[in-house]
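Below, each chain spelled out in residue letters.
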Amino acid sequence: MLTKMGSEEAILFDLNSLPEGCISTILSLTSPIDACKSSVVSSTFRMASDSDVVWERFLPSDYKQILLRSVYSTHNFEFLTKKELYLRLRREPVMLDNGTKIFSLDKSTGKIQYMLGARELSIADGNNPLCWSWKLAPESRFSEVITLRSITNLKIRGKIKTSMLSPETTYAAYLIIKFEEWAYGLDSIPSELLLGENDGNSSTSNKGIAYLSHANDKKKQLMQQLFFANRMQMMRSKVVMEEDQGKGTRVLRDRNDGWMEIELGEFYISRDEKNDHDKEVKMSLMEVKGGQLKGGLIVQGIEVRPKLR
C-alpha cells in the first residue's frame, strides 16, 4: 500500500505476507526472548519462531562437538528440536569429559557457562593424603569433592580455553566451596586472586583480596564481621589503593544450592579470542600471607559464567 506523508512517500506492507523462511531468518538475528515474544503475533510468526533456523543461531556454534563429550548418551538430544535443545541446556546442565566439567547455557543470557570440578583443578599438595582427601558428595554436582585436612600454603588453580566460551562476553570466575564443622585457620587469610590470559600478565588480569569465613549461621557470620572490622579498617588504605589499580576485596556469598562462592575475578572474551584455540584463561586463589595451619575447606570446583551487570 502506498501512502503520502507530506512530501515523503512510504511503502507499508503486512509482515505476515513474508514467506515463513524469511521471517525465521529475521528472527534469528534477534534474541531468544524476542523470538518467543514474536510467536504471539500470528500463526505465521509462531511457526517461524519455532523453526530450527532460528534456534540453531542461538545455540553455540560448536554445540554438536560439545554434546559428543557428554557422559550421557547422545540419543538424549538427537530427537529434540533446536528450540527444545536450547531450552533444555538452559534448564539441565550436561556433564562432560568423564564427569570433570559441566556445560550449560546461562538462564539470563543464553551464553555458554562451565563449571570445572575439583578433579579438573590444580591444587598444591592435592595428591598428598596428609593434606587433602577426596570424598563422595551427594550434595555436589560432581561425584567427588576434595577436603583440606591440614596445610600452611593454600594454592588452587584452574584454566579454561577461550574458545570454549561465548564471544563478546564478560565472564567472572567463582570458587565454589563449603566448610567442615571443624574448619580452622581459614577466616583471616588474605589471599591474592589472579585471573588472566596465559601467564596472567595480560591486560585482562586482575587481583584482589579474599576473606574466607567458615561461619555456619548468620549469627556467627555477624560476629566474625564485627571481629574483622578493625582488621579491615587497618587494611582500608591498602584496599583503596588496590581498587584504584582495578583490584578490590571479595567476600563469600551464599548460593541457592547450599554452597558458597567467592569471585576470583572477571575477563572479557573477544571474537578473536573465541577463535583462538590455543589461548587460555588461568584462574587461581593463592595465599600470599598467613602461613598458619588451616583445614576444613571443601572445594567443589570453579564456575565460569557470564557477568551480569
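Provided above is the structure to which this section pertains.
First things first, this report covers the structure right here in the doc. (Residues numbered from 1 in each chain as written. Predicted model: local features only at pLDDT ≥ 70, side-chain atom pairs only at ≥ 80, totals over all residues. Heavy atoms only, no water.)

## Considering the overall build of the protein
- A count of helices and strands for the protein gives 10 helices and 17 strands.
- The 309 residues of the protein split such that 47% are buried.
- Of all intrachain contacts in the protein linking residues separated by at least 6 positions in sequence, the fraction that spans at least 24 positions is 70%.
- Element-wise, carbon and sulfur atoms account for 53% of the exposed surface of the protein, whose accessible area totals about 16,700 Å². (Helix = DSSP H or I, 4+ residues; strand = E, 2+ residues; numbered from the N terminus. Buried < 20%, exposed > 50% of the residue type's maximum accessible area, 1.4 Å probe, protein only. Contact = heavy atoms within 4.5 Å. Areas by Shrake-Rupley, 256 points an atom, 1.4 Å probe, with all protein chains shown as cover.)

## Considering helix 7 (residues 82–91)
- Where helix 7 is concerned, the buried positions are Lys82, Leu85, Tyr86 and Leu89. All buried residues of helix 7 project into a common sector of 100° when viewed along the axis, lining one side. (Arc of directions from axis to C-beta.)

## A short note on unusual backbone geometry
- For Asn98, which is not glycine, the phi torsion reads 60° and is therefore positive.
- What makes Asn98 exposed here is its relative accessible area of 78%.
- Positive phi is not limited to glycine here, since Glu168 has a value of about 55°.
- With respect to the secondary-structure elements, Glu168 resides in the loop between strand 9 (155–161) and strand 10 (169–184).
- A relative accessible area of 47% means that Glu168 is categorised as partly exposed.

## Some details on the pairing of strand 16 (residues 280–287)
- The buried fraction of strand 16 is high, at seven of eight residues.
- Note: strand 9 against strand 16, seven bridges, orientation antiparallel. When the bridges of strand 16 are listed, Ile160 appears paired with Val281. (Pairing = 2+ DSSP bridges.)

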